[in-house]
Amino acid sequence: MRWRGALLCLLLAASGSAQKDKVRELGMQAAQLRNLSYKPVTAQAVSQKECVAYLMKLLDEEMQPAQTNRREGFLKLLGLMPEKASLKKIYAELYGDQVRGLYDPKQKRYLVVTSAKGQEDPMAAALGMNMDDILTVHELGHAIQDQHFGLGALTRQVAQNFDQELAASSLFEGDASLLMLAFAIKAAGLESAGVDMSGALGGLDSEQMMMGQSAAVARAPRFFREVLGFPYGQGMKFVSYLKRGKDWAPVDRAFANLPESSEQILHPEKYLRDHPKPVQMESAHLGTSLGQDTAGEFTIRCWARENGAGDEAAAGWGGDRYEVFRTSNGLAGIWVTSWDSDRDAAEFEKLARKALVKRPAHEVERSGRGVTVRFL
């Protein structure tokens, strides 16, 4: 989904014209830090109920049936979500439980909840800051991105490839998160002290970057906990790698050359160098096709963690493509993967055999640097 990251930013904000003036002021400060111009956006104060209703409307628009069905089916084949669970319902629970404000790029407006009880943000707490302004800057960072790079067109560009979509989201969220951090450091008076935040960035993981660990987040399957936090934590590390100091120009250029895979987000040195390899899909007729998509290193890493394997089982990813089918007996699928070395392929083969040992009908076949998994 396109806006999984932006929609999760929590906000605790006052209402009325004072809030609108504050948003305008914060937008200008954010633009100065980001070295880009900013045109004030409409800021609308709404109740928690109204914000959730608006969010659910956006969710309905984004979750197109064909895309949702194939991604949901693939996660079920991997055992990353319960057989009877609904992808849309899980996201609705997570978003509805978390949202305190959002920037809507389609309507060019910023919604802020007026009466929500907040949850402590780890970065804000560490810096001794009130998180209201910090998270507002994050959302206005998205407005700045939209005004300069056109987020709507960029998200449509990657919408049919989950892994590319996650990578692009990580750029968007990483940029906004790093801007948020720069604002917090300056507001706390730490900028002139030459504070080095590289250690703090290195210690953050995906779940730490979630804006509050709610009951819905705690009970969600691992994949959903990690996919919600990944664009924040890993995305900020990726953008920090590009930025390397005070120069935002490399980050600006990344919006014209979007990262192509979660592998490039996890390993920033591979950005613009290690491109996903095309894979040749098998011609299969296992039932009614729900379409094809790409899982990427992120999904494989989640699969490895879910099955007690290390992240090395996902390292060396070269490319992949899967197709999901609906049959009279349930779901079936074919997953073709490509790896950087024979060793990488062998590690993934080992993971696949371990993860699918309890599945009655499956095949795992390795040939050199390629591994094909069939869910029959």
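Note that the coordinates shown come from a computational prediction; the quantities given were computed from them, not determined experimentally. (Residues numbered from 1 in each chain as written. Predicted model: local features only at pLDDT ≥ 70, side-chain atom pairs only at ≥ 80, totals over all residues. Heavy atoms only, no water.)

Section: the sheet that holds strand β2 (residues 101–104)
- Strand order in the open sheet made by the three strands is β1-β3-β2, with mixed pairing throughout. Of all the strands in the sheet, just β1 (42–46) and β2 have a single pairing partner and so form its edges. Ignoring strand direction, the axes of neighbouring strands in this sheet form an average angle of 20 degrees.
- Two strands pair when backbone bridges link them, and β1 and strand β3 (residues 109–113) are joined in this way by five bridges, in the parallel orientation. Paired with valine 46 across the two strands is valine 113, which belongs to β3. (Pairing = 2+ DSSP bridges. Helix = DSSP H or I, 4+ residues; strand = E, 2+ residues; numbered from the N terminus. Axes fitted to C-alpha atoms, helices over the stretch in contact; angles between N-to-C directions.)

Looking at the layout of surface pockets
- Taken as a whole, the second largest pocket spans an internal volume of roughly 290 Å³.
- Of all the elements in the fold, those that place two or more residues in the lining of the second largest pocket are α3 (65–78), α14 (296–306) and β6 (330–339).
- Of the residues in the lining of the second largest pocket, the class split is 11 nonpolar, four polar and four charged. (1 Å grid on protein atoms, 1.4 Å probe; cavity = no way out; pocket = protein on both sides within 12 Å on 5 of 7 lines; lining within 4 Å. Points joined across faces, edges and corners; volume = space filled by probe spheres on them. Nonpolar A, V, L, I, M, F, W, Y, C, P; charged D, E, K, R; others polar.)

Some points on the environment of serine 367
- You can see serine 367 is positioned in strand β7 (residues 362–367).
- With relative accessibility at 57%, the residue serine 367 sits in the exposed group.
- C-alpha separation for the pair serine 367 and alanine 345, spaced 22 residues apart in sequence, amounts to 8.6 Å. (Buried < 20%, exposed > 50% of the residue type's maximum accessible area, 1.4 Å probe, protein only.)

Observations regarding the packing of helix α11 (residues 222–243) against α14
- With their axes 10 Å apart at the nearest point, α11 and α14 run at an angle of 140 degrees to one another. Judged by the inter-axis angle, α11 sits oblique to α14. The crossing of α11 and α14 is right-handed. The segment α11 lies against α14, with Arg222, Phe223, Glu226, Val227 and Phe230 engaging Phe298, Thr299, Cys302, Arg305 and Glu306.
- For the contact of α11 with α14, the per-class residue count stands at five nonpolar, one polar and four charged. (Parallel < 35°, antiparallel > 145°, perpendicular 65-115°, else oblique. Left-handed = near helix turned anticlockwise from the far one by under 90°. Contact = heavy atoms within 4.5 Å.)

With respect to empty space enclosed by the protein
- One pass over the structure, following the stated rule, counts two cavities of 30 Å³ or more.
- Residue lining of the second largest cavity: Arg34, Leu36, Gly141, Ile144, Gln145, Phe149, Asp175, Ala176 and Leu179, and that is the complete set.
- Of all the elements in the fold, those that place two or more residues in the lining of the second largest cavity are α6 (131–149) and α8 (162–187).
- The biggest single contributor to the lining of the second largest cavity is α6, with four residues.
- Along the lines of polarity and charge, the residues of the lining of the second largest cavity split into five nonpolar, two polar and two charged.

Regarding the packing of helix α7 (residues 151–158) against α8
- Relative to each other, α7 and α8 sit at 155 degrees, their axes nearing to 8 Å. Taken together, the axes of α7 and α8 are roughly antiparallel relative to one another. Once α7 is placed against α8, the crossing between them reads as right-handed. Of the residues in α8, those in contact with Leu151, Leu154, Thr155 and Val158 of α7 are Gln164, Glu165, Ala168 and Phe172.

Considering the sheet that holds strand β5 (residues 317–327)
- In space, the five strands of this open sheet follow the order β4-β5-β6-β8-β7, with antiparallel pairing throughout. With partners counted over all chains shown, the strands left at the sheet margins are β4 (288–293) and β7, one partner each. Taking the axes of each pair of neighbouring strands and ignoring which way they run, one obtains an average angle of 10 degrees across the sheet.
- As judged from the six bridges shared by β7 and strand β8 (residues 370–375), these two strands associate in the antiparallel manner. Within the sheet, the bridge partner assigned to arginine 366 lies in β8 and is valine 371.

Structural notes on α14
- Counting buried residues in α14 gives nine out of 11 residues, a clear majority hidden from the surface.
- Listed as buried for α14 are Gly296, Glu297, Phe298, Thr299, Ile300, Arg301, Cys302, Trp303 and Ala304.
- Directly beyond the C-terminal end of α14, a positive phi value near 70 degrees is found at glycine 308.

Notes on unusual backbone geometry
- At lysine 108, a residue that is not glycine, the phi angle is positive and equals roughly 55 degrees.
- Here lysine 108 shows up in the loop between β2 and β3.
- The exposure class of lysine 108 is partly exposed, given its relative accessible area of 43%.
- Unusually for a residue other than glycine, arginine 244 sits at a positive phi of about 45 degrees.
- With respect to the element layout, arginine 244 can be found in the loop between α11 and α12 (249–256).
- On the basis of relative accessible area, arginine 244 is assigned to the exposed category, the value being 59%.

Topic: the nonpolar core
- Ranked by size, the top nonpolar core spans 103 residues in total, and within it Phe224, Trp303 and Trp335 carry the most contacts.
- Looking at this core element by element, the count peaks at 13 residues for α8. (Core = buried A, V, L, I, M, F, W, Y, C linked by side-chain atoms within 4.5 Å.)

Thoughts on the packing of aromatic side chains
- A full pass over the atoms with the stated rule returns 14 aromatic pairs.
- Taking the centre distance of 5.3 Å and the plane angle of 90 degrees together, the rings of phenylalanine 223 and phenylalanine 224 count as edge-to-face.
- What makes phenylalanine 223 buried here is its relative accessible area of 3%.
- A relative accessible area of 0% means that phenylalanine 224 is categorised as buried.
- If you follow lysine 243 out to its NZ or CZ, it ends over the ring of tryptophan 248, 4.8 Å from the centre. (Phe/Tyr/Trp six-rings, centres within 6.5 Å; stacked < 30°, edge-to-face > 60°. Lys NZ or Arg CZ within 6 Å of the ring centre and 35° of its normal.)

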